[in-house]
Amino acid sequence: METIGRYRVVRPLGHGGMGDVYLAHDPTLERDVALKLLHREVAHGGLRDEAKALAALSHPSIVTVFEIGEHDGRDFIAMEYLPGRSLRDVLAAHAPRAELLAICSKVAIAVDAAHRAGLLHRDVKPENVVVGERGDVKVVDFGLARRLEREDKPTRAATAQELVAMFTRTMPIAVGTDTEVSAGTQTVFGTPAYMAPEVMLGEQSTAASDIYSLGVVVFECLAYRRPYDATALVEMIASTIDGGPPEVDDPLGPLVARMLARDPKQRPTLDDVARELTSASTAAPAPAPAPRPRKWWPFAAAGALVAGALAVGGWAATRGLAGERADRSEDRGAQAIAATLPATASIAIAPLAVELPSYGREPPSAPAIADTLARLLGQIDGARLTGLATNSATGDARSAARALGAGYVATGRIDERAHELHAHLALVSVASGATVAAIDLARPIPQLAALLDDCAISLSRALAPAAVLPPAPNPLRARMFYDQGKPLLDAGRFSEVRVYLEQAVDADPSLAEAWSGLVLVCSWMEAPETEVADAAAHSIALAPDGPQKQLMRGIAAFLNNHYADARAFLEPLDRDDNAAMPGRRELLYYLGESNWHDGRFGPAFGYFKRTNDFDRNFRPASVHAWEYAVAHRDAKSARYFIGLAGERAEWIEMALGHLQQVADEDKPPFSLWADLLLDRAVPAELENAFFGDDELERASYHLGRVAGTGDTAGARAAFAELWDKQIAHRTLPPGAFFALETIGETLLVAQLHDEIRQLVELLAAQSHDHPVRGYQRLSNLAAMLLGDPSLVVRDGANERTLQLADAADAVLAHDHVKAAAILGKLVADPSFEWDYPERAQLLHELRALGRRGAIATLCADSSHPALFRPAALALRQLCNR
């Protein structure tokens, strides 16, 4: 789907109960919009009237509707695009009470304005509240809205027994999903967890129903849980209609209780709700009613400063999320320690400088490490802890800490030295700038989680000498870190999530979900093999006997590069009777991976598509799916999966050969690649913007440029310089081998015999300690170029590389027909590297056979490649010889 109406679709944003939502661009007014394309079955159900009413409603806290139209028989609504976080995300980050109440106050004002305009929302929940980057609040998704003045036909409200019986006969619906069910003759819309009792029983929605839903949201903001902990719709119905909701321990408890009253007539007006919420969000915090300290988690910020504050009094000290340790001597000691701290004492954690080469292909996220440290401060016994955060990355650490109200700020770095992890921290007084404590700690590699534990204890003891971190196993602490990491895991943000998962298994080594997540993260990030194997071993040991253990054994086989064995474990599990098995998503994903890494790209693509059908938000599957689609110039599939993965649309433009357009957009690296393929001069600033400090990648690119001019002597000199400065006598991190594979491709296509032998020998030696992906491929290609049978490698090779070995044998036997047939098949089904050396060798075989037509086709296709690598320039030069 390329356009809807006049709007150009950029990528999918999500799926709602009423339709699909896309980010689109309005070329007429040059602005981005959120575009909801309604399902056919609801497109003509009167929602156009509601959208028109909403479009006529102008309010700063209600999403603006720009246009209502029709596309291919389906209605669409073009709305204001709102970058930012949902209230659900703000809740997950454990924002301060005042901030949450201020958001809820704005929601109350917005929904009240809609009511005055004659509109109900009917689906008020955290997911439908967006908090913008500047703190503005917008209520969105009036997709279930209905005119207040519309008089429906008389309906019969279903009894609780009828509803329970009806839903017991059907599949339970998970709480939190959009729902449209029939209760008697009345259709019930909304999300069950936030649905008013009368609506759940089939009665007509009213303004009081929206107030009830907002009451659930306010309850959740105060207690960090919903009033009812049901997990299925049947349980939700039973809980909602069985008496009043539980009380929330907060001064706003009476207001919430009225908002959640069973009788709609007893609920307050939204005007009263907004007034009380506004007053509570701006008032000074009340004294803590509980004599014992309680904890609440510091929350994450995508940006610079995360703070863990050691505070006395205030509602922050009473918002308990963790289980309390009743009548423990440590609690009594904590009161005494905390009483000695000034009321303003706090520690702010500034983002740390992080340099951990052994961690894997990507370094861990510095903001995630800072947030983890702040969360650990929230777990310390012996002091009252809170957490604060800011999205501001401006100013020095003391200024940012002062803006948070922190009394102290911790700065420093975490790095590696002499096979150990080292933390070097300074705790500085915000007021005076004096250093209160200098902390130097060390742990063996790879004990980052334990090192962060040590840091939290040391920082706390600088102010509270008796501070301690409760020892493992600590299931509550483990669950907190896992829950924080799970959305990042699903989104494929591996450099961020790994810190949280490692902290979770450090706190509770029996947490199977965290180990399973670490398996995926460590393998994707090219972590040391011992860490990947350790995570896999724990996952297998913790998995129950039966399909789950077989699943984990299949995953372990894949991680050990035994792809056929992995499929032998996993394929029997892909049956209809296992459709609801736990780990279904992982089963489909690893079936895709075991095919992908064996060079079976078509079957892998099918499994990745099925994985995304199962879970559209699981980014690892969508990444390989869009890579396959781009490599095959499948624009339709590429747009879909690039949208799911949140990748850049320039990949598609490059694949389609729109080089002029890409070059003019000045977006590295795509504009840089397009300039090269168009034989344009590349500005130095464009190169610098792309490569930064990555000298190995820059040298690889430079080698490709020189080889692409046909200057063989210059290419040899460039490689010699690269070898001396970047490769020889250095311990290369795992991520360097991807650059070395790219360099090897250029050497092969440029036919630099001595240089490719030198590089292949290096990779062969390195592969004894760390399996180097691509080594066998380069060695078999070098065997063809050099005519050296000793370079043919079969041991440990995947299916695709074994076919290269067969091709090498054919080349060495001067069987050009067989070699061309094998290479032609590989080139027709390219990998994401687009296989330039395979194309170069195929070109050589076709020339030996005198097949001019096939040569012309191959060179024409390669002159506008779907994917750019430096070897593309050398291949173009080879075609022109």
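Residues numbered from 1 in each chain as written. Predicted model: local features only at pLDDT ≥ 70, side-chain atom pairs only at ≥ 80, totals over all residues. Heavy atoms only, no water.

A. Structural context of the overall build of the protein chain. From N to C terminus, the protein chain includes 38 helices and 20 strands. Counting every position in the protein chain, which comprises 881 residues, the buried fraction comes to 56%. Sequence separation of at least 24 residues holds for 63% of the intrachain contacts in the protein chain that already meet a minimum separation of 6. When the accessible area of the protein chain is evaluated, it comes to approximately 36000 Å², of which 52% is carbon and sulfur surface. (Helix = DSSP H or I, 4+ residues; strand = E, 2+ residues; numbered from the N terminus. Buried < 20%, exposed > 50% of the residue type's maximum accessible area, 1.4 Å probe, protein only. Contact = heavy atoms within 4.5 Å. Areas by Shrake-Rupley, 256 points an atom, 1.4 Å probe, with all protein chains shown as cover.)

B. Representation of the pattern of salt bridges in the model. Within this structure, the stated rule accounts for 48 salt bridges. Salt-bridge contacts for Glu-127 lead to Arg-88; the nearest nitrogen and oxygen are separated by 2.8 Å. Taken as a pair, Glu-127 in the loop between strand 8 (119-120) and strand 9 (129-132) and Arg-88 in helix 3 (residues 87-92) lie far apart in primary sequence, 39 residues in all. (Salt bridge = Lys/Arg side-chain N within 4 Å of Asp/Glu carboxyl O.)

C. Inspection of helix 27 (residues 670-677) at higher detail. Within helix 27, eight of the eight residues are buried, leaving the element largely enclosed by the surrounding structure. Regarding helix 27, the residues found buried are Phe-670, Ser-671, Leu-672, Trp-673, Ala-674, Asp-675, Leu-676 and Leu-677. Once helix 27 ends, the next one or two residues include Asp-679, with phi positive near 60°.

D. Up close: the side chain of Glu-745. Mapped onto the secondary structure, Glu-745 falls in helix 31 (residues 736-749). For Glu-745, a relative accessible area of 0% puts it in the buried group. Once residues within four sequence positions are removed from consideration, Glu-745 is found in contact with Arg-777, Leu-778, Glu-833, Pro-837, Arg-869 and Ala-871.

E. Up close: the packing of aromatic side chains. In the structure shown here, the tally under the stated rule is 21 aromatic pairs. Between the aromatic rings of Phe-605 and Tyr-628, the centroid separation amounts to 4.5 Å while the plane-to-plane angle is 20°, which identifies the pairing as stacked. One end of the pair, Phe-605, is in helix 22 (residues 601-614); the other, Tyr-628, is in helix 23 (residues 619-631), with 23 residues separating them in the sequence. An identical accessibility class is assigned to Phe-605 and Tyr-628; each is buried. Relative to Phe-641, the ring of Phe-605 has its centre 5.8 Å away and its plane inclined at 75°; by these criteria the two rings are edge-to-face. (Phe/Tyr/Trp six-rings, centres within 6.5 Å; stacked < 30°, edge-to-face > 60°.)

F. Region of interest: helix 12 (residues 366-377). Taking 1.5 Å as the rise per residue, helix 12 with twelve residues should run 16 Å; its terminal C-alpha atoms sit 17 Å apart, in good agreement. Most of helix 12 sits inside the fold, with eleven of its twelve residues counted as buried. Along helix 12, the positions that sit buried rather than exposed are Ala-366, Ala-368, Ile-369, Ala-370, Asp-371, Thr-372, Leu-373, Ala-374, Arg-375, Leu-376 and Leu-377. Its side-chain oxygen at 3.2 Å from the backbone nitrogen of Ala-368, Ser-365 defines the N-terminal cap of helix 12. (Expected span 1.5 Å × (residues − 1). Polar contact = N/O pair within 3.5 Å; in protein donor to acceptor, adjacent residues only side chain to side chain.)

G. Quick peek at the sheet that holds strand 7 (residues 84-86). Ordered by their spatial adjacency, three strands build an open sheet running 7-9-10, and the pairing between neighbours is antiparallel. Two strands in the sheet have a free side with no partner beyond their single neighbour: strand 7 and strand 10 (137-139). Adjacent strand axes in the sheet meet at a mean angle of 25°, parallel and antiparallel pairs treated alike. Where helix 4 (residues 97-116) meets the sheet, its contacts fall on strand 7, strand 9 and strand 10, and the angle it forms with strand 10 comes to roughly 45°. (Pairing = 2+ DSSP bridges. Axes fitted to C-alpha atoms, helices over the stretch in contact; angles between N-to-C directions.)

H. Seen up close, the environment of Asp-613. In this fold, Asp-613 is placed in helix 22. A relative accessible area of 62% places Asp-613 in the exposed class. Taking C-alpha positions, Asp-613 is 9.5 Å from Arg-585, a pair spaced 28 residues apart along the chain.

I. Region of interest: the state of the cysteines. A complete count under the given rule lists one disulfide for this structure. Disulfide partner of Cys-859: Cys-879, at an S-S distance of 2.2 Å. Given an S-S torsion of about -90°, the disulfide between Cys-859 and Cys-879 has left-handed geometry. Of the two residues, Cys-859 is situated in helix 37 (residues 852-863) and Cys-879 in helix 38 (residues 871-879); the sequence distance between them amounts to 20 residues. Like Cys-879, Cys-859 is buried. Free cysteine Cys-221: the closest other cysteine sulfur is in Cys-104, separated by 3.7 Å. (Disulfide = S-S within 2.5 Å.)

J. Local environment of the pairing of strand 5 (residues 65-71). Here strand 5 pairs with strand 6 (residues 74-80) via six bridges, running antiparallel. Of the residues in strand 6, the one forming a bridge with Gly-69 is Phe-76. Hairpin connection of strand 5 to strand 6: two residues between the antiparallel strands, including Asp-72 at a positive phi of 55°.

K. How the structure looks around unusual backbone geometry. Ile-445 connects to Pro-446 through a cis peptide bond whose omega is 10°. When you line up the elements, Pro-446 lands in the loop between strand 20 (435-444) and helix 14 (448-461). Positive phi, close to 65°, is recorded for Trp-834, a residue that is not glycine. Although it is not a glycine, Asp-835 adopts a positive phi angle of roughly 55°. Turning to its location among the elements, Asp-835 is positioned in the loop between helix 35 (816-828) and helix 36 (836-849). For Asp-835, a relative accessible area of 2% translates into the label buried.

L. Main features of the packing of helix 35 against helix 36. Interaxial distance between helix 35 and helix 36 falls to 9 Å at its minimum, and their mutual angle equals 145°. Every pair of crossing elements has a handedness; the one defined by helix 35 and helix 36 is left-handed. Side by side, helix 35 and helix 36 meet where His-816, Val-817, Ala-819, Ala-820, Leu-823, Gly-824 and Val-827 of the first sit next to Glu-838, Arg-839, Gln-841, Leu-842, Glu-845, Leu-846, Ala-848 and Leu-849 of the second. Residues that form the contact of helix 35 with helix 36 fall into these classes: nine nonpolar, three polar and three charged. (Left-handed = near helix turned anticlockwise from the far one by under 90°. Nonpolar A, V, L, I, M, F, W, Y, C, P; charged D, E, K, R; others polar.)

M. Geometry of the pairing of strand 6. Burial within strand 6 is extensive, with seven of its seven residues counted as buried. Relative to strand 6, strand 4 (residues 31-38) runs antiparallel, the two sharing five bridges. The residue bridging Ala-34 from the neighbouring strand is Met-79, located in strand 6.

N. Seen up close, the confidence of the model for the protein chain. Residue-level pLDDT values for the protein chain average 78, and 79% of them are 70 or greater. This stretch, residues 164-189, has a pLDDT under 50; its non-local contacts, to residues over four places away or in other chains, come to 69 contacts. This stretch, residues 389-395, has a pLDDT under 50; its non-local contacts, to residues over four places away or in other chains, come to 13 contacts. (pLDDT = per-residue confidence, 0-100.)

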